[in-house]
Amino acid sequence: MARQVVAAAREIEPGGRKLVEVAGRAIVVFNLAGEFFALANRCPHKAGELCKGKISGFISSPEPGVYEISHEGEVIRCPWHGWEFHIRTGKSWCDPRTMNARAFEVKVEKGAQLVEGPYVAETFPVLVEDDYLVIEL
Amino acid sequence: MTTDVLRPSLDPASNRLCVIDCDVHPKDSIEDMKPYLAKRWIDYLATYGVRSRHGFQNGFLYPKSQPQAARRDAWPPDGGLPASNLKFMQEQLLDFYDIEYGVLNFLSPTGQGAQNSDLSVAMAYASNEAHRDRWTGPDKRLKASIVVPYEDGEASAKEIVRLAGMPDYAQVQLLSRMSELAGKKRYWPIYEAASELGLPVGIHVFGYSGWASTNSGWASYYIEEMAEHCTSCQALLTSLIVEGVFEQFPKLKIVLIEAGFAWLPALGFRLDKLWKTLRSEVPHLKRAPSEYIRDHVYVTTQPMEETEKPEHLLQIMEWIGWDKILFATDYPHWDFDDPRYTLPPTLSRERRRQILSENARQLYGFA
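Note that the structure is predicted; figures quoted are calculated from it, not measured.

### A closer look at the overall build of chain B
- On a plain count of helices and strands, chain B comes out with 12 helices and 8 strands.
- Taking 21 Å as the expected radius of gyration for a compact globule of 367 residues, we find that chain B reaches 21 Å, a close match to that expectation.
- For chain B, the spread of C-alpha atoms along the three principal axes comes to 80 × 60 × 40 Å.
- The buried share among the 367 residues of chain B stands at 45%.
- Sequence-distant contacts, at least 24 apart, represent 80% of the contacts inside chain B between residues at least 6 apart.

Printed below as a string of structure tokens:
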């Protein structure tokens, strides 16, 4: 099992994203208004890199001529074929039964906890007073 | 000492995913062509520009789903347009996928379909010259399609004769949306020159015909334009068959590029049924229409249909012929197909090899 500090929480702005690597896996971490979510960087359709996609919402239409946008800022579209995935869950809009981006849990932990615990961030110093994003595989 | 002659080679090189990509779209600019344009045309372009066969000066018929219809990760770091920079194309496509050969198809600016026929001829010439400088000269993996001013059949034939035999060129390039159906006699000099000189004719979808893309006018959505290639390519292929082009030029090979292919067997069924009753209308056809399709028509994979049941796709491919299907990525466009993940996983190793490289190697005569 790998448990890794992947970023300082303040490094990723709301609406922003960061590509990280955990145990050899490319993972993209998103900040949705202060909440953090992570998806495998590989689109399950044809393997486009999701971190290079555009963030949008889901547009839907309850009847012709009426449009609704939901989940604004919570949808990543693959930079290749444009498949839409809900960042919170990894589920695709068109085929949520079989075509989903793998989602990983992101924990926000205090620097103080990390310094005391058995886990060490290898790539940057951990400050006691800051928050950090941790992904466990 | 014994030697196990049956043991497969463990040389990793033998497991290379050999890929010949039959649809790559490099981007040139008018600047790139200028060294090969007479001053008359440089001045003309600066003053009047290119007048395509459609109702507006700039832009696409339908807005694309992504800027420049490109993968969002295909914009080169120098700030240029997608696929305008050879080094970045090498990194992202040719080296990344270890592509043996890439067949280049040029969408614009090439002068193809320009309303000013003399300008079309001059631009096609300049395009073809620039392609050796920019693409096929610097990277020997790249093979260009010959851009021809297709609305002028005789001038096109001259351009084909001028360039055939040079190792830089793999085929002749037409677009699917020409001012008349592809089988009409005005285009026959193109087929004659290409087939005599052993060059396939690649017909890539898109272009500006000046006609609405359906026979009931303009569709509302880009998704309709994308699906319409199936119907318009059925019409142009039917025209090639029933006008007798394949009877007249028995060595002619047509490559339908980016048109999908699931519709092709259905067209064959329909034409064959009709031919049995209407044969006397087109007595110059010596064989059932589907036989011409099978003998003369190649298709590229991208954008391959994704059938609900995988076996349906295999049945379609079987009908078309395992030796007639050519792999293509469509780089740098948004509907790019990744050679690692595109073909049905159940294909045998031999079929996969045919589609990924061997069929194109045979067709284009690549070493």
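### Considering the sheet that holds strand β6 (residues 66-77) of chain A
Residues and elements named next belong to chain A.
- Strand order in the open sheet formed by 3 strands is β5-β6-β7, and the pairing between neighbours is antiparallel. Unpaired on one side and paired on the other, β5 (54-63) and β7 (84-86) mark the two borders of the sheet. Adjacent strand axes in the sheet meet at a mean angle of 50° when their direction is disregarded.
- With 3 bridges connecting them, β6 and β7 associate as antiparallel partners. Bridge pairing in β7 places V75 opposite H86.

### A short note on the interface of chain A and chain B
- Each side of the interface is counted separately: chain A has 10 residues, and chain B has 12 residues.
- Along the lines of polarity and charge, the residues of the side of chain A that touches chain B split into 3 nonpolar, 3 polar and 4 charged.

### Comments concerning the nonpolar core
- V29 of chain A together with I160 and I190 of chain B are the most contacted members of the largest nonpolar core, which totals 122 residues.
- Looking at which element gives the most residues to this core, the answer is helix α4 (residues 117-136) of chain B, with 9 residues.
- The contact partners of I160 of chain B, leaving out residues within four places of it in the chain, are I146, V148, V172, I190, A193, A194, L197 and L199 of chain B.

### As for helix α7 (residues 222-242) of chain B
Residue and element names in this part refer to chain B.
- Look at α7: 30 Å from first C-alpha to last across 21 residues, which is about the 30 Å you get at 1.5 Å a residue.
- In this structure, the buried residues of α7 make contact with β5 (201-204), α8 (245-248), β6 (254-257), α9 (263-278), α10 (289-296) and β7 (297-300).
- Count one or two residues on from α7 and you reach G244, which has phi positive near 90°.

### Considerations on α10 of chain B
Residue and element names in this part refer to chain B.
- Within the span of α10, buried status applies to P289, S290, Y292, I293 and H296. Angular distribution of buried residues about the axis of α10 spans 155°; they occupy a single face of the element.
- Contact partners of the buried residues in α10: α7, α8, β6, α9 and β7.

### Describing the pairing of β5 of chain B
Residue and element names in this part refer to chain B.
- Going residue by residue along β5, you find V201 and I203 tucked away on one face and G202 and H204 tucked away on the opposite face as well.
- Bridging between strand β4 (residues 169-175) and β5 involves 4 bridges; their strand directions are parallel. Following the sheet pairing, L175 is matched in β5 by H204.
- Considered for its hand, the β-α-β crossover made up of β4, helix α6 (residues 188-196) and β5 is right-handed.
- Relative to β6, β5 is paired through 4 bridges, and the arrangement is parallel.

### Some points on the packing of α4 of chain B against helix α5 (residues 153-163) of chain B
Residue and element names in this part refer to chain B.
- Running from amino to carboxyl end, α4 crosses α5 at an angle of 20°, the nearest separation of the two axes being 11 Å. By the angle between their axes, α4 is roughly parallel relative to α5. With respect to the hand of their crossing, α4 and α5 are arranged in right-handed fashion. On α5, the residues that touch V121, A124, Y125 and N128 of α4 are A155, E159 and L163.
- Residues that form the contact of α4 with α5 fall into these classes: 5 nonpolar, 1 polar and 1 charged.

### Re the environment of Y48 of chain B
All names here are of chain B.
- By secondary structure assignment, the location of Y48 is in the loop between α2 (39-47) and α3 (86-94).
- We classify Y48 as exposed; it has 10 C-beta atoms within 10 Å.
- The spacing of Y48 and L271 is 223 residues in sequence and 45 Å in space, taken between C-alpha atoms.

### Section: the sheet that holds strand β10 (residues 131-136) of chain A
Residues and elements named next belong to chain A.
- Taken in spatial order, the 3 strands make up an open sheet running β1-β10-β9, and their pairing is antiparallel. Where the open sheet ends on each side, the last strands, each with one partner, are β1 (3-8) and β9 (106-110). Taking each pair of neighbouring strands and ignoring which way they run, the sheet shows an average axis angle of 40°.
- Pairing of β1 with β10, which is carried by 5 bridges, proceeds in the antiparallel orientation. Residue Q4 lies in a different strand from β10, and its bridge partner there is I135.

Analysis parameters
The numbers attached to residues start from 1 for each chain and follow its sequence in the written order. Written order determines the labels here, with chains lettered from A and ligands numbered from 1. It should be noted that, the model being predicted, local features are given only for residues of pLDDT at least 70 and side-chain atom pairs only at 80 or more, the latter also being counted only at that level, while totals for whole chains, interfaces and linings use all residues. Helix and strand definitions here come from DSSP, where helices need a minimum of 4 consecutive H or I residues and strands a minimum of 2 consecutive E residues; each element is numbered from the N-terminal end. We compute the radius of gyration over the C-alpha atoms and compare it with the globule rule, which gives 2.2 Å times the number of residues raised to the power 0.38. To assign burial, the other C-beta atoms lying within 10 Å of each residue's own C-beta are counted, with C-beta atoms placed from the backbone; 20 or more indicates buried, 12 or fewer indicates exposed, and intermediate counts indicate partly exposed. Here contacts are defined at the residue level, using C-beta atoms placed from the backbone and a cut-off of 7 Å between them. For two strands to be treated as a pair, DSSP must find at least two bridges joining them. Axes here refer to lines fitted to C-alpha atoms; in helices the fit is confined to the stretch in contact. Angles between the N-to-C directions go from 0 to 180 degrees. Residue classes follow a fixed rule: Ala, Val, Leu, Ile, Met, Phe, Trp, Tyr, Cys and Pro count as nonpolar, while Asp, Glu, Lys and Arg count as charged, and any other residue, Gly among them, counts as polar. Here a nonpolar core is just a set of buried residues of the types Ala, Val, Leu, Ile, Met, Phe, Trp, Tyr and Cys, joined wherever their C-beta atoms sit within 7 Å. What a helix is expected to span follows from its residue count: subtract one and scale by 1.5 Å. Arc definition: directions from the helix axis to the C-beta atoms. With strands facing away from the observer, any crossover in which the path from the first strand over the helix to the second runs clockwise is taken as right-handed. Should an angle fall under 35 degrees it is taken as roughly parallel, and over 145 as roughly antiparallel, whereas 65 to 115 is taken as roughly perpendicular and any remaining angle as oblique. Handedness of each helix crossing follows the sense of rotation of the near helix against the far helix: counterclockwise by less than a right angle gives left-handed, clockwise gives right-handed.

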